[in-house]
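Structural description and commentary
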Amino acid sequence: MPALDTQTKVAVIGAGAMGAGIAQVAAQAGHHVFLHDQREGAAEAGRDGIAKVLQRRVDKGKMDQQDLDALLNRIQPVADLSEVAESGLVIEAIVENLDIKRGLLADLEALCREDAILATNTSSISVTSLGAGMKHPGRLVGMHFFNPAPLMALVEVVLGLATDKAVAETVYDTAANWGKKPVYATSTPGFIVNRVARPFYAESLRLVQEQAADPATLDALMREAGNFRMGAFELTDLIGHDVNYAVTNSVFNAYYQDTRFLPSLVQQELVSAGHLGRKSGQGFYSYQEGAERPEP
Ligand code: NAI
(Lines give C-alpha, C1' and ligand atoms only; values in the text may rest on other atoms or scores of the structure.)
Protein backbone atom coordinates (compact mmCIF):
# COMPACT_ATOMS: atom_id res chain seq x y z
CA MET A 1 0.00 0.00 0.00
CA PRO A 2 1.43 3.43 -0.90
CA ALA A 3 1.28 6.53 1.34
CA LEU A 4 -2.20 7.95 1.82
CA ASP A 5 -3.02 10.67 -0.69
CA THR A 6 -4.46 13.99 0.40
CA GLN A 7 -7.95 12.94 -0.70
CA THR A 8 -7.94 10.55 2.25
CA LYS A 9 -9.78 12.01 5.19
CA VAL A 10 -8.01 11.78 8.53
CA ALA A 11 -9.66 11.69 11.96
CA VAL A 12 -7.96 12.64 15.21
CA ILE A 13 -9.65 11.50 18.41
CA GLY A 14 -8.69 13.50 21.50
CA ALA A 15 -8.08 17.21 21.02
CA GLY A 16 -5.63 17.79 23.86
CA ALA A 17 -2.01 18.83 23.54
CA MET A 18 -1.16 16.04 21.12
CA GLY A 19 -4.43 15.65 19.20
CA ALA A 20 -4.62 19.32 18.23
CA GLY A 21 -0.99 19.26 17.11
CA ILE A 22 -1.49 16.11 15.04
CA ALA A 23 -4.63 17.60 13.44
CA GLN A 24 -2.56 20.63 12.46
CA VAL A 25 0.13 18.43 10.89
CA ALA A 26 -2.40 16.43 8.84
CA ALA A 27 -4.29 19.56 7.74
CA GLN A 28 -1.03 21.29 6.80
CA ALA A 29 -0.27 18.30 4.58
CA GLY A 30 -3.61 18.89 2.78
CA HIS A 31 -5.97 16.36 4.38
CA HIS A 32 -9.48 17.08 5.56
CA VAL A 33 -9.34 16.36 9.30
CA PHE A 34 -12.17 15.43 11.64
CA LEU A 35 -11.29 16.39 15.20
CA HIS A 36 -13.28 14.75 17.99
CA ASP A 37 -13.08 14.94 21.77
CA GLN A 38 -15.54 13.60 24.32
CA ARG A 39 -15.22 16.84 26.29
CA GLU A 40 -17.69 19.38 24.98
CA GLY A 41 -15.99 22.31 23.25
CA ALA A 42 -12.53 20.71 23.37
CA ALA A 43 -12.29 20.07 19.62
CA GLU A 44 -13.28 23.69 18.87
CA ALA A 45 -10.78 24.88 21.48
CA GLY A 46 -8.12 22.72 19.83
CA ARG A 47 -8.78 24.35 16.46
CA ASP A 48 -8.83 27.83 18.05
CA GLY A 49 -5.43 27.10 19.59
CA ILE A 50 -4.03 26.18 16.17
CA ALA A 51 -5.53 29.37 14.69
CA LYS A 52 -3.94 31.49 17.40
CA VAL A 53 -0.46 30.04 16.93
CA LEU A 54 -0.56 30.22 13.12
CA GLN A 55 -2.04 33.74 13.11
CA ARG A 56 1.24 34.87 14.65
CA ARG A 57 3.04 33.43 11.62
CA VAL A 58 0.69 35.36 9.34
CA ASP A 59 1.26 38.57 11.31
CA LYS A 60 5.01 38.12 10.92
CA GLY A 61 4.59 37.61 7.16
CA LYS A 62 5.71 33.97 7.34
CA MET A 63 2.37 32.56 6.16
CA ASP A 64 -0.44 33.82 3.88
CA GLN A 65 -3.79 34.58 5.49
CA GLN A 66 -5.45 32.62 2.66
CA ASP A 67 -3.37 29.53 3.43
CA LEU A 68 -4.25 29.80 7.10
CA ASP A 69 -7.98 30.15 6.33
CA ALA A 70 -7.84 27.15 3.99
CA LEU A 71 -5.96 25.10 6.59
CA LEU A 72 -8.48 25.94 9.31
CA ASN A 73 -11.35 25.06 6.95
CA ARG A 74 -9.84 21.60 6.59
CA ILE A 75 -10.11 20.98 10.36
CA GLN A 76 -13.67 20.02 11.20
CA PRO A 77 -14.56 19.60 14.88
CA VAL A 78 -17.16 16.84 15.22
CA ALA A 79 -19.30 16.30 18.31
CA ASP A 80 -20.23 12.70 17.61
CA LEU A 81 -17.68 9.93 17.05
CA SER A 82 -19.83 8.42 14.27
CA GLU A 83 -19.01 11.48 12.12
CA VAL A 84 -15.47 10.16 11.53
CA ALA A 85 -16.80 7.06 9.70
CA GLU A 86 -15.53 8.00 6.23
CA SER A 87 -11.91 8.49 7.36
CA GLY A 88 -9.14 6.40 5.82
CA LEU A 89 -6.84 7.00 8.80
CA VAL A 90 -7.94 7.50 12.40
CA ILE A 91 -5.32 8.56 14.94
CA GLU A 92 -6.29 8.27 18.59
CA ALA A 93 -4.66 10.65 21.08
CA ILE A 94 -6.89 10.16 24.12
CA VAL A 95 -5.94 9.50 27.73
CA GLU A 96 -3.03 7.05 28.33
CA ASN A 97 -5.16 4.19 29.68
CA LEU A 98 -5.34 0.68 28.20
CA ASP A 99 -9.02 -0.02 28.92
CA ILE A 100 -10.26 3.37 27.74
CA LYS A 101 -8.20 3.14 24.54
CA ARG A 102 -9.49 -0.41 23.95
CA GLY A 103 -13.07 0.81 24.33
CA LEU A 104 -12.48 3.54 21.78
CA LEU A 105 -10.83 1.13 19.31
CA ALA A 106 -13.83 -1.23 19.60
CA ASP A 107 -16.17 1.69 18.83
CA LEU A 108 -14.00 2.73 15.89
CA GLU A 109 -13.92 -0.81 14.47
CA ALA A 110 -17.70 -0.89 14.61
CA LEU A 111 -18.18 2.35 12.72
CA CYS A 112 -15.18 2.81 10.40
CA ARG A 113 -14.63 1.48 6.88
CA GLU A 114 -12.99 -1.93 6.77
CA ASP A 115 -9.95 -0.56 4.97
CA ALA A 116 -9.44 2.31 7.43
CA ILE A 117 -6.13 2.31 9.28
CA LEU A 118 -6.42 2.81 13.03
CA ALA A 119 -3.37 4.42 14.60
CA THR A 120 -2.55 5.07 18.23
CA ASN A 121 -0.40 7.90 19.54
CA THR A 122 0.18 6.03 22.80
CA SER A 123 3.51 6.82 24.45
CA SER A 124 3.92 3.52 26.20
CA ILE A 125 0.99 1.12 26.03
CA SER A 126 1.67 -2.09 24.14
CA VAL A 127 0.25 -1.92 20.61
CA THR A 128 -0.02 -5.71 20.80
CA SER A 129 -2.25 -5.44 23.91
CA LEU A 130 -4.37 -2.71 22.35
CA GLY A 131 -4.81 -4.88 19.24
CA ALA A 132 -5.65 -7.97 21.26
CA GLY A 133 -9.17 -6.67 21.90
CA MET A 134 -9.81 -5.96 18.22
CA LYS A 135 -11.53 -7.98 15.49
CA HIS A 136 -8.87 -6.98 12.93
CA PRO A 137 -5.70 -6.13 14.87
CA GLY A 138 -3.69 -6.08 11.62
CA ARG A 139 -4.97 -2.58 10.92
CA LEU A 140 -3.76 -1.12 14.24
CA VAL A 141 -0.36 0.57 14.29
CA GLY A 142 1.43 2.96 16.62
CA MET A 143 1.94 6.45 15.16
CA HIS A 144 3.76 8.12 18.00
CA PHE A 145 4.33 11.84 17.54
CA PHE A 146 6.36 14.00 19.91
CA ASN A 147 5.34 17.19 21.66
CA PRO A 148 4.77 19.69 20.12
CA ALA A 149 3.69 17.59 17.11
CA PRO A 150 3.93 20.39 14.50
CA LEU A 151 7.55 21.09 15.47
CA MET A 152 9.02 17.72 16.37
CA ALA A 153 10.16 15.70 13.36
CA LEU A 154 10.30 12.21 14.85
CA VAL A 155 7.39 9.78 14.54
CA GLU A 156 7.77 6.25 15.91
CA VAL A 157 5.81 3.80 13.75
CA VAL A 158 5.18 0.98 16.20
CA LEU A 159 4.34 -2.57 15.10
CA GLY A 160 2.42 -4.79 17.47
CA LEU A 161 2.75 -8.54 16.92
CA ALA A 162 -0.38 -8.58 14.76
CA THR A 163 0.22 -5.33 12.87
CA ASP A 164 0.04 -5.80 9.12
CA LYS A 165 3.42 -4.75 7.65
CA ALA A 166 1.72 -3.05 4.70
CA VAL A 167 -0.29 -0.92 7.14
CA ALA A 168 2.89 0.10 8.97
CA GLU A 169 4.58 0.96 5.66
CA THR A 170 1.65 3.14 4.62
CA VAL A 171 1.79 5.03 7.91
CA TYR A 172 5.59 5.35 7.64
CA ASP A 173 5.38 6.75 4.09
CA THR A 174 2.48 9.02 5.02
CA ALA A 175 4.41 10.45 7.98
CA ALA A 176 7.37 11.07 5.64
CA ASN A 177 5.04 12.88 3.20
CA TRP A 178 3.88 15.02 6.11
CA GLY A 179 7.48 16.20 6.55
CA LYS A 180 8.24 13.94 9.49
CA LYS A 181 11.17 11.61 10.14
CA PRO A 182 9.53 8.25 10.83
CA VAL A 183 11.32 5.33 12.42
CA TYR A 184 10.06 1.77 12.89
CA ALA A 185 9.88 0.37 16.42
CA THR A 186 8.47 -2.81 17.86
CA SER A 187 5.99 -2.73 20.70
CA THR A 188 8.48 -2.87 23.58
CA PRO A 189 7.50 -0.85 26.70
CA GLY A 190 8.11 2.85 26.07
CA PHE A 191 9.18 2.03 22.49
CA ILE A 192 12.45 3.88 21.83
CA VAL A 193 12.43 7.48 23.01
CA ASN A 194 10.26 7.07 26.10
CA ARG A 195 12.43 4.16 27.20
CA VAL A 196 15.66 6.08 26.75
CA ALA A 197 14.18 9.18 28.41
CA ARG A 198 12.90 7.46 31.60
CA PRO A 199 16.22 7.65 33.50
CA PHE A 200 16.56 11.33 32.52
CA TYR A 201 13.27 12.16 34.25
CA ALA A 202 13.82 9.72 37.13
CA GLU A 203 17.32 10.91 38.06
CA SER A 204 16.28 14.56 37.77
CA LEU A 205 13.33 13.93 40.09
CA ARG A 206 15.57 12.07 42.53
CA LEU A 207 18.02 15.00 42.59
CA VAL A 208 15.16 17.31 43.58
CA GLN A 209 13.87 14.84 46.16
CA GLU A 210 17.35 14.69 47.69
CA GLN A 211 17.51 18.50 47.59
CA ALA A 212 20.67 18.47 45.51
CA ALA A 213 19.39 21.55 43.67
CA ASP A 214 16.06 23.11 42.78
CA PRO A 215 14.26 22.48 39.44
CA ALA A 216 15.13 25.88 37.94
CA THR A 217 18.85 25.39 38.68
CA LEU A 218 18.85 21.88 37.25
CA ASP A 219 16.95 22.97 34.12
CA ALA A 220 19.34 25.87 33.53
CA LEU A 221 22.31 23.58 34.03
CA MET A 222 21.02 21.01 31.50
CA ARG A 223 20.32 23.73 28.95
CA GLU A 224 23.41 25.83 29.41
CA ALA A 225 26.04 23.24 30.27
CA GLY A 226 24.45 20.14 28.79
CA ASN A 227 23.14 21.76 25.60
CA PHE A 228 19.78 20.08 26.14
CA ARG A 229 16.85 21.91 24.55
CA MET A 230 14.97 21.68 27.88
CA GLY A 231 15.66 20.42 31.37
CA ALA A 232 13.54 17.63 32.85
CA PHE A 233 11.26 19.93 34.84
CA GLU A 234 10.27 22.35 32.08
CA LEU A 235 9.92 19.37 29.76
CA THR A 236 7.63 17.39 32.08
CA ASP A 237 5.63 20.59 32.68
CA LEU A 238 5.17 20.74 28.89
CA ILE A 239 4.34 17.05 28.52
CA GLY A 240 1.86 17.10 31.43
CA HIS A 241 2.60 15.35 34.73
CA ASP A 242 -0.49 13.14 34.43
CA VAL A 243 0.75 11.87 31.06
CA ASN A 244 4.40 11.55 32.12
CA TYR A 245 3.49 9.75 35.37
CA ALA A 246 1.11 7.37 33.54
CA VAL A 247 3.86 6.56 31.03
CA THR A 248 6.40 5.87 33.80
CA ASN A 249 3.92 3.59 35.56
CA SER A 250 3.17 1.79 32.32
CA VAL A 251 6.87 1.17 31.56
CA PHE A 252 7.59 0.21 35.22
CA ASN A 253 4.80 -2.39 35.26
CA ALA A 254 5.58 -3.69 31.80
CA TYR A 255 9.14 -4.41 32.97
CA TYR A 256 7.90 -6.42 35.95
CA GLN A 257 8.45 -3.46 38.29
CA ASP A 258 12.12 -3.11 37.48
CA THR A 259 13.27 -0.41 39.93
CA ARG A 260 15.17 1.37 37.13
CA PHE A 261 11.76 2.69 36.09
CA LEU A 262 10.39 3.41 39.58
CA PRO A 263 7.78 6.20 39.43
CA SER A 264 8.48 9.32 41.51
CA LEU A 265 6.52 10.27 44.62
CA VAL A 266 7.32 13.92 43.89
CA GLN A 267 5.52 13.59 40.57
CA GLN A 268 2.68 11.59 42.11
CA GLU A 269 2.10 14.51 44.51
CA LEU A 270 1.91 16.95 41.61
CA VAL A 271 -0.67 14.77 39.86
CA SER A 272 -2.72 14.37 43.06
CA ALA A 273 -2.75 18.15 43.49
CA GLY A 274 -3.82 18.70 39.87
CA HIS A 275 -0.53 20.50 39.20
CA LEU A 276 -0.22 19.01 35.73
CA GLY A 277 2.14 21.61 34.25
CA ARG A 278 1.42 24.11 31.49
CA LYS A 279 -2.03 22.76 30.75
CA SER A 280 -3.26 23.36 34.33
CA GLY A 281 -1.30 26.59 34.89
CA GLN A 282 0.90 25.06 37.59
CA GLY A 283 3.58 22.38 37.65
CA PHE A 284 7.17 22.80 38.77
CA TYR A 285 6.69 26.33 37.43
CA SER A 286 3.73 28.66 37.51
CA TYR A 287 2.05 29.61 34.22
CA GLN A 288 -0.56 31.96 35.64
CA GLU A 289 -1.03 35.28 33.89
CA GLY A 290 1.85 37.56 34.86
CA ALA A 291 3.91 34.82 36.49
CA GLU A 292 7.50 34.34 35.46
CA ARG A 293 7.58 31.34 33.19
CA PRO A 294 10.47 29.46 31.68
CA GLU A 295 10.85 30.14 27.99
CA PRO A 296 12.86 27.22 26.72
P1 NAI B 1 -4.36 15.56 27.04
O2 NAI B 1 -4.80 15.29 28.43
O3 NAI B 1 -3.81 16.91 26.71
O4 NAI B 1 -5.58 15.29 26.03
C5 NAI B 1 -6.34 14.12 25.99
C6 NAI B 1 -7.71 14.46 25.42
O7 NAI B 1 -8.42 13.24 25.17
C8 NAI B 1 -8.57 15.29 26.38
O9 NAI B 1 -9.01 16.46 25.73
C10 NAI B 1 -9.73 14.35 26.74
O11 NAI B 1 -10.95 15.04 26.91
C12 NAI B 1 -9.78 13.44 25.53
N13 NAI B 1 -10.38 12.13 25.78
C14 NAI B 1 -10.16 11.30 26.82
N15 NAI B 1 -10.84 10.15 26.67
C16 NAI B 1 -11.53 10.27 25.49
C17 NAI B 1 -12.42 9.41 24.76
N18 NAI B 1 -12.75 8.21 25.22
N19 NAI B 1 -12.90 9.85 23.58
C20 NAI B 1 -12.57 11.08 23.11
N21 NAI B 1 -11.74 11.94 23.74
C22 NAI B 1 -11.22 11.52 24.92
O23 NAI B 1 -3.33 14.41 26.68
P24 NAI B 1 -2.14 14.43 25.60
O25 NAI B 1 -0.90 14.95 26.23
O26 NAI B 1 -2.63 15.05 24.35
O27 NAI B 1 -1.92 12.85 25.39
C28 NAI B 1 -2.79 12.07 24.59
C29 NAI B 1 -2.08 10.80 24.18
O30 NAI B 1 -0.87 11.11 23.50
C31 NAI B 1 -1.70 9.86 25.34
O32 NAI B 1 -1.81 8.54 24.90
C33 NAI B 1 -0.23 10.24 25.58
O34 NAI B 1 0.49 9.20 26.20
C35 NAI B 1 0.23 10.49 24.15
N36 NAI B 1 1.41 11.35 24.02
C37 NAI B 1 1.57 12.45 24.83
C38 NAI B 1 2.69 13.26 24.67
C39 NAI B 1 2.88 14.47 25.55
O40 NAI B 1 3.99 15.02 25.55
N41 NAI B 1 1.88 14.95 26.25
C42 NAI B 1 3.72 12.97 23.67
C43 NAI B 1 3.41 11.84 22.81
C44 NAI B 1 2.31 11.05 23.03
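Computed from a predicted model, the values in this text were never measured in an experiment. (Residues numbered from 1 in each chain as written. Predicted model: local features only at pLDDT ≥ 70, side-chain atom pairs only at ≥ 80, totals over all residues.)

On to the overall build of the protein. Of the regular secondary structure elements, the protein holds 11 helices and 8 strands. Seen along its three principal axes, the alpha-carbon backbone of the protein occupies a region of about 55 × 50 × 35 Å. When each of the 296 residues of the protein is scored for burial, the buried share is 43%. Counted over contacts in the protein with a minimum sequence separation of 6, partners at least 24 positions apart contribute 65%. (Helix = DSSP H or I, 4+ residues; strand = E, 2+ residues; numbered from the N terminus. Buried ≥ 20, exposed ≤ 12 C-beta atoms within 10 Å, placed from the backbone. Contact = placed C-beta atoms within 7 Å.)

Attention now goes to the site of the ligand. Neighbouring the ligand are 28 residues; Gly14, Gly16, Met18, Ser123 and Asn147 lie closest to it. Looking at the shell around the ligand, the elements that each hand over two or more residues are α1 (17-28), α4 (98-111) and α10 (241-254). Looking at the shell around the ligand element by element, the count peaks at 3 residues for α1. In the shell around the ligand, the residues fall into 15 nonpolar, 9 polar and 4 charged. Three or more residues apiece are contributed to the shell around the ligand by two domains, here domain 1 (10-186) and domain 2 (194-280). (Near = placed C-beta within 6 Å. Nonpolar A, V, L, I, M, F, W, Y, C, P; charged D, E, K, R; others polar. Domains from an automatic or database assignment.)

Look at the link from Asn147 to Pro148: it is a cis peptide, with omega at 0 degrees. Checked against the element boundaries, Pro148 lands in the loop between β6 (140-145) and β7 (154-159). One non-glycine residue with positive phi stands out, namely Phe191, at about 55 degrees. Mapped onto the elements, Phe191 comes out in the loop between β8 (181-186) and α7 (193-209). Although it is not a glycine, Asn227 adopts a positive phi angle of roughly 60 degrees. Its location among the elements puts Asn227 in the loop between α8 (215-224) and α9 (232-239). Here Asn227 falls in the exposed class, since 7 other C-beta atoms lie within 10 Å of it.

Side chains Leu89 and Ile91 of strand β4 (residues 89-92) all project onto a buried face; the interleaved residues Val90 and Glu92 project onto the opposite face, where all are buried too. Judged from the 4 bridges that link them, strand β1 (residues 10-13) and β4 form a sheet pairing that is parallel. Among the inter-strand pairings, Ala11 is bridged to a residue of β4, identified as Val90. Here β4 pairs with strand β5 (residues 117-120) via 4 bridges, running parallel. (Pairing = 2+ DSSP bridges.)

Moving on, we come to the domain arrangement of the protein. Here the protein is partitioned into domain 1 (10-186) and domain 2 (194-280). Each of domain 1 and domain 2 has a C-alpha centre, and these two points are 26 Å apart. Every contact between the two is made by 7 residues of domain 1 and, on the other side, 11 residues of domain 2. Looking at side-chain class alone, the side of domain 1 that touches domain 2 contains 2 nonpolar, 4 polar and 1 charged residues.

This part takes up the packing of α1 against helix α2 (residues 42-59). Two quantities define a packed helix pair, namely the angle between the helix axes and the distance between the axes. Axis separation between α1 and α2 bottoms out at 9 Å; the angle between their running directions is 60 degrees. Relative to α2, α1 is oriented oblique. The crossing of α1 and α2 is right-handed. Contact residues: Gly19, Ala20, Ala23 and Gln24 in α1; Gly46, Gly49 and Ile50 in α2. Across the contact of α1 with α2, the residue classes tally to 3 nonpolar, 4 polar and no charged. (Axes fitted to C-alpha atoms, helices over the stretch in contact; angles between N-to-C directions. Parallel < 35°, antiparallel > 145°, perpendicular 65-115°, else oblique. Left-handed = near helix turned anticlockwise from the far one by under 90°.)

Here the focus is the packing of α7 against α10. Packing of α7 against α10 brings their axes to within 11 Å, and their N-to-C directions diverge by 110 degrees. If you check the angle between α7 and α10, you find them roughly perpendicular. Taken as a pair, α7 and α10 cross one another with a handedness that is left-handed. Across the interface between the two elements, Asn194, Arg195, Arg198 and Tyr201 from α7 touch Asn244, Val247, Thr248 and Val251 from α10.

With that settled, consider the nonpolar core. Val12, Ile22, Val90 and Val141 are the most contacted members of the largest nonpolar core, which has 54 residues in total. The dominant element in this core, judged by the number of residues it contributes, is α1, at 8 residues. Among residues more than four places away in sequence, those in contact with Ile22 are Val12, Ile91, Ala93, Asn121, Phe145 and Ala149. Listed in part, the 15 residues of the second largest apolar core include Tyr201, Met222, Val251 and Phe284. (Core = buried A, V, L, I, M, F, W, Y, C linked by C-beta atoms within 7 Å.)

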